[in-house]
Amino acid sequence: MNPATNPLHKLEDAYIDSLLSQSRVSNLVDWVSANRTLKGKKWQWVSREKNIHGKEILRDYRYLLPIYLDQADKIIVKKSRQMAFSEYGINWILGTVLEKPYLNALHVFPNKDQAKKFSMVRLTPIFNKDDSPYIAKMLVNPEEYYKNPSAMQLAANVFHKQFTNQSNYILSFVGGENTKSTDARSVTADIIFLDEAKDLPEERLADVIECMSSSSIKQMRMVGTPDFEGTVFDSWFNEYTRNEWVVTCYKCGAHQLQTLDSIASTTTSPRKELASR
């Protein structure tokens, strides 16, 4: 069926238009559209690009809009891989701490290697003044970070980004050997983003959440890709509303619910027979 004539798509487009037209204070969707770039280009929720073989690929991130607009204090997302949720984490933190002074944001990973890679590949390049001038000018001493490639390399190893409005973006981790400066449990936070949550040590999760105990804000986002049921992450997800994505096929219009069968994607998973599909 041609997507242009599929009534299901018209309904979805109307729903998305309704979401975008919502008037909210500090609308994160508007903030991202105005201030973020991705791969050197202005942020777009729908875009087309070509892969290395010259084939055109549609990138449509509008499925994330309900989550971007959700202002609940706690949101837990069970997802498949490569769903742009690391970008969501960056956008949620930056859109919060850059607009509200004196906030501490904690972005938590299972181990140091993941935090370091994230800082180098995803976070540090965002503060390039040529791509994101507003975000760059909010960074304390940006010229020290970006005066040459060596400085950028050093900046990627700094897990603490300080801003001119006295807010802070802190990368941390809870697995492996920690020093006091890198241990997520030693930080006082107002908002926390728990990345790769299914791999976070279960015995330390409560301690990380406790970092917000003295804050008046206490907002948390937790995302992960579970390989099997029964983890603490899975039980926490089941305690909430458990809203589900309904993914519509652009070719036939069929509705597909996300299940554990469809998101298990590693050869180490108990459902590894599904990973090769």
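Above this note sits the structure.
Residues numbered from 1 in each chain as written. Predicted model: local features only at pLDDT ≥ 70, side-chain atom pairs only at ≥ 80, totals over all residues. Heavy atoms only, no water.

Draft legend 1. Just the overall build of the protein chain, in detail. Scanning the protein chain for helices and strands turns up 12 helices and 12 strands. Sorting the 277 residues of the protein chain into buried and exposed places 44% on the buried side. Carbon together with sulfur atoms contributes 51% to the accessible area of the protein chain, which is approximately 15300 Å² in total. (Helix = DSSP H or I, 4+ residues; strand = E, 2+ residues; numbered from the N terminus. Buried < 20%, exposed > 50% of the residue type's maximum accessible area, 1.4 Å probe, protein only. Areas by Shrake-Rupley, 256 points an atom, 1.4 Å probe, with all protein chains shown as cover.)

Draft legend 2. Expanded view of the packing of aromatic side chains. One pass over the structure, following the stated rule, counts 9 aromatic pairs. Taken together, a centroid distance of 5.0 Å and an interplanar angle of 50° make the contact between F109 and F118 tilted. In this structure F118 comes out as buried when scored by relative accessible area, which is 5%. Among the aromatic residues, those joined into a cluster by ring pairs are W43, W45, Y61, Y68, F85, Y88, W92 and F193. (Phe/Tyr/Trp six-rings, centres within 6.5 Å; stacked < 30°, edge-to-face > 60°.)

Draft legend 3. Molecular detail of the pattern of salt bridges. Counting across every chain of the model gives 4 salt bridges. Two residues, D60 and R62, come together in a salt bridge whose shortest N-O distance is 2.9 Å. D60 sits in the buried class, given a relative accessible area of 17%. Given the relative accessible area of 21%, R62 is considered partly exposed. (Salt bridge = Lys/Arg side-chain N within 4 Å of Asp/Glu carboxyl O.)

Draft legend 4. Geometry of unusual backbone geometry. Its identity is not glycine, yet A84 carries a phi of approximately 70°, on the positive side. You can see A84 is positioned in the loop between strand 5 (74-78) and helix 4 (85-97). Backbone geometry at E196 places phi at a positive 50°, although glycine is not the residue there. Take E196: it is sitting in the loop between strand 9 (191-194) and helix 9 (202-209).

Draft legend 5. Seen up close, the packing of helix 4 against helix 5 (residues 112-123). Contact geometry of helix 4 with helix 5 gives a least axis separation of 12 Å together with a crossing angle of 80°. Relative to helix 5, the element helix 4 lies roughly perpendicular. Residues S86, E87 and I90 of helix 4 form the contact with helix 5, whose participating residues are F118, R122 and L123. Its residues assigned to classes, the contact of helix 4 with helix 5 comprises 3 nonpolar, 1 polar and 2 charged. (Axes fitted to C-alpha atoms, helices over the stretch in contact; angles between N-to-C directions. Parallel < 35°, antiparallel > 145°, perpendicular 65-115°, else oblique. Contact = heavy atoms within 4.5 Å. Nonpolar A, V, L, I, M, F, W, Y, C, P; charged D, E, K, R; others polar.)

Draft legend 6. Region of interest: the sheet that holds strand 8 (residues 168-173). Read across the sheet, 6 strands follow the order 5-10-9-6-8-7 without closing on themselves; strand pairing throughout is mixed. Two strands in the sheet have a free side with no partner beyond their single neighbour: strand 5 and strand 7 (160-162). In this sheet, neighbouring strand axes are inclined to one another by 10° on average, regardless of whether the strands run parallel or antiparallel. With 3 bridges connecting them, strand 7 and strand 8 associate as antiparallel partners. When the bridges of strand 8 are listed, H160 appears paired with I170. Against the sheet, helix 9 makes contact with strand 6 (104-109), strand 9 and strand 10 (219-224), and its axis sits at roughly 160° relative to strand 9, the strand it touches most. (Pairing = 2+ DSSP bridges.)

Draft legend 7. Molecular detail of the pairing of strand 9. Burial along strand 9 is two-sided: I191 and F193 facing one way and I192 and L194 facing the other are all buried. The pairing of strand 6 with strand 9 spans 4 bridges and is parallel. Note that in strand 9 the partner of A105 across the bridge is I191. Bridge count for strand 9 against strand 10 is 4 bridges, and the pairing is parallel. From the neighbouring strand, F193 faces strand 10, where its bridge partner is R221. With helix 9 bridging strand 9 and its parallel neighbour strand 10, the resulting β-α-β unit is right-handed. (Right-handed = clockwise from strand over helix to strand, strands pointing away.)

Draft legend 8. Spatial organisation of the side chain of T96. Assignment of secondary structure puts T96 in helix 4. Ignoring any residue separated from it by four or fewer positions in sequence, one finds T96 in contact with L103 and I191.

Draft legend 9. Here's a closer look at the nonpolar core. Residues Y68, F85, L94, F163 and Y169 are the most contacted members of the largest nonpolar core, which totals 44 residues. For this core, the elements supplying multiple residues, two or more each, are helix 2 (28-35), helix 3 (65-69), strand 5, helix 4, strand 6, helix 5, strand 8 and strand 9. It is helix 4 that contributes the most residues to this core, 7 residues altogether. Discounting chain neighbours no more than four positions away, the residues touching F163 are L94, V97, L98, F127, M138, L139, V140, N168 and Y169. In terms of nonpolar packing, the next biggest core, distinct from the first, is built from 20 residues, I76, I170, L205 and M222 among them. (Core = buried A, V, L, I, M, F, W, Y, C linked by side-chain atoms within 4.5 Å.)

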